[in-house]
Every structure is written in structure tokens, then in C-alpha cells.
Amino acid sequence: MTKADELAARLKQTRHTGADQAIDSWPGQVYELFHRIEGWLKPLTEVGLDLRRNSTHVHESNSQGETFDYAIDQLLIEGNGHSVTFDPVARFTEDGEGRVEIHCNSNELALLRTVDEHGETHWWLQGVEHAAQQGGAVALTENCLLSVVQQGLEL
């Protein structure tokens, strides 16, 4: 390795910013959420509810103007002739540490990720019209999620 190669490697390491680390960890955080949702829906999948993940690609910018392109999955829930899609649209948001939009015929909702002072992740359910203000959000629980699925699939 030449001296220029060594210096290039060091420069690359120092340029790996907090934003890069945030993007690198985002899919894992979303997949943890999806795994929890899949667990909550297990009794429904045993009687025919269809769950699958679809690959998608996100292009976004943070507040410093840095742009990021990355692959991430959506979670699709189908049943009763309807569907609910959990679409992770942004890691960088003004009101949290990530956003997963919930698309269904009956309502447009979102899950907002926040991180507390102890580094623990919390997910909040909110209507899209309340996206700029966390005040309209409620903590994501199993019953809360099941209500969203019930409404979205018209069960």
C-alpha cells in the first residue's frame, strides 16, 4: 500500500460521520420494528393473513444537505381484499430519528422513531396531518397496531 493509499484510507475513516452511522443502523432498527409487528400478527398469519417484505430504495438528505441512497424493505400486510404497507421513508426527520409511513385505504398514518436520553428507541403512531407535531402521537403498542390493521384491512 502506498503512502497515498494509506492517507486515503484514513481520510475515508474520518469522513464516516454520525450521519453515515445513522444510515447504516437505520435498516436494523426498522427490521426490529417489523419483527415485533410480525410477532404481534402471528395469530392472524396462522389463519391466512399474508405478510411479506418488499425491497425498496430511499434517497434522502439530512439537515446538513448530505445525501444518502440505501436499500431497505417495506412490510406489506394483506388480507380481506385490502392491504396495509409500512414504508420506511426517512431516517432524518425534524421531529424524530426516523419515519415509517403506513399506507392503507382508510387512513394515512406514520410511525415516528425517537430515542430517549438512555439511547432507547420508542415508536409513536400519529396521523400524517400531525407529522410536524409529536403532540398528536401515541406510543405504539400491540393493541394500537392491531387497531390500525383492523381498520386498514376492514376486519
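Remember, predicted model here, so these are calculated numbers, not experimental data.

**Q** Teacher, can you tell me more about the side chain of N62 here?
**A** Tracing the sequence through the fold places N62 in the loop between β1 (50-61) and β2 (67-79). The class for N62 is buried, based on a relative accessible area of 8%. A distance of 2.8 Å separates the side chain of N62 from the side chain of E66, its partner in a polar contact.

**Q** Teacher, can you tell me more about helix α4 (residues 142-153) here?
**A** Since the α-helix packs 3.6 residues into each turn, any two residues three or four apart lie on the same face. For α4, which comprises twelve residues, the first-to-last C-alpha distance of 16 Å matches the rise-based estimate of 16 Å (1.5 Å per residue) to within 8%. Among the residues of α4, those classed as buried are C144, L145, V148, V149, G152 and L153. Angularly, the buried residues of α4 cover 155° about the axis, an arc narrow enough to put them on a single face. Where α4 terminates, the next one or two residues include E154, which has phi positive at roughly 50°.

**Q** What's the story with the sheet that holds strand β5 (residues 108-115) in this structure? I'm lost.
**A** Sheets are built from strands that pair by backbone hydrogen bonding, the pairs being arranged parallel or antiparallel. Pairing in this open sheet of seven strands is antiparallel, and the strands run β1-β2-β3-β4-β5-β6-β7 from one edge to the other. At either margin of the open sheet sits one strand with a lone partner, and together these are β1 and β7 (138-139). When β2 meets strand β3 (residues 82-90), the two strands line up antiparallel, connected through five bridges. Residue L75 lies in a different strand from β3, and its bridge partner there is F86. Against the sheet, α4 contacts β2, β3, β4 (99-103), β5, β6 (121-127) and β7, and its axis sits at roughly 125° relative to β3.

**Q** What is the right way to look at the layout of surface pockets in this model?
**A** The volume enclosed by the largest pocket comes to roughly 170 Å³. Lining the largest pocket, in full, are Q29, E32, L33, R36, R113, T121, H122, W123, W124, A139 and L140. Looking at the lining of the largest pocket, the elements that each hand over two or more residues are α2 (18-40) and β6. Residues of the lining of the largest pocket, tallied by class, amount to five nonpolar, three polar and three charged.

**Q** Explanation requested: the pattern of salt bridges in the structure shown.
**A** Charged atoms that come close allow side chains of opposite charge to pair. Inspection of the entire model under this criterion finds six salt bridges. A salt bridge links R53 to E38; its shortest N-O distance comes to 3.1 Å. With R53 in strand β1 and E38 in helix α2, this residue pair connects regions lying 15 residues apart in the sequence. The class of E38 is partly exposed, set by a relative accessible area of 22%. Across the pair E97 and R91 runs a salt bridge, and its minimum N-O distance is 3.0 Å. Overall, the relative accessible area of 31% leaves E97 in the partly exposed class.

Quick notes on the rules
- Residues numbered from 1 in each chain as written.
- Predicted model: local features only at pLDDT ≥ 70, side-chain atom pairs only at ≥ 80, totals over all residues.
- Heavy atoms only, no water.
- Helix = DSSP H or I, 4+ residues; strand = E, 2+ residues; numbered from the N terminus.
- Buried < 20%, exposed > 50% of the residue type's maximum accessible area, 1.4 Å probe, protein only.
- Polar contact = N/O pair within 3.5 Å; in protein donor to acceptor, adjacent residues only side chain to side chain.
- Expected span 1.5 Å × (residues − 1).
- Arc of directions from axis to C-beta.
- Pairing = 2+ DSSP bridges.
- Contact = heavy atoms within 4.5 Å.
- Axes fitted to C-alpha atoms, helices over the stretch in contact; angles between N-to-C directions.
- 1 Å grid on protein atoms, 1.4 Å probe; cavity = no way out; pocket = protein on both sides within 12 Å on 5 of 7 lines; lining within 4 Å.
- Points joined across faces, edges and corners; volume = space filled by probe spheres on them.
- Nonpolar A, V, L, I, M, F, W, Y, C, P; charged D, E, K, R; others polar.
- Salt bridge = Lys/Arg side-chain N within 4 Å of Asp/Glu carboxyl O.

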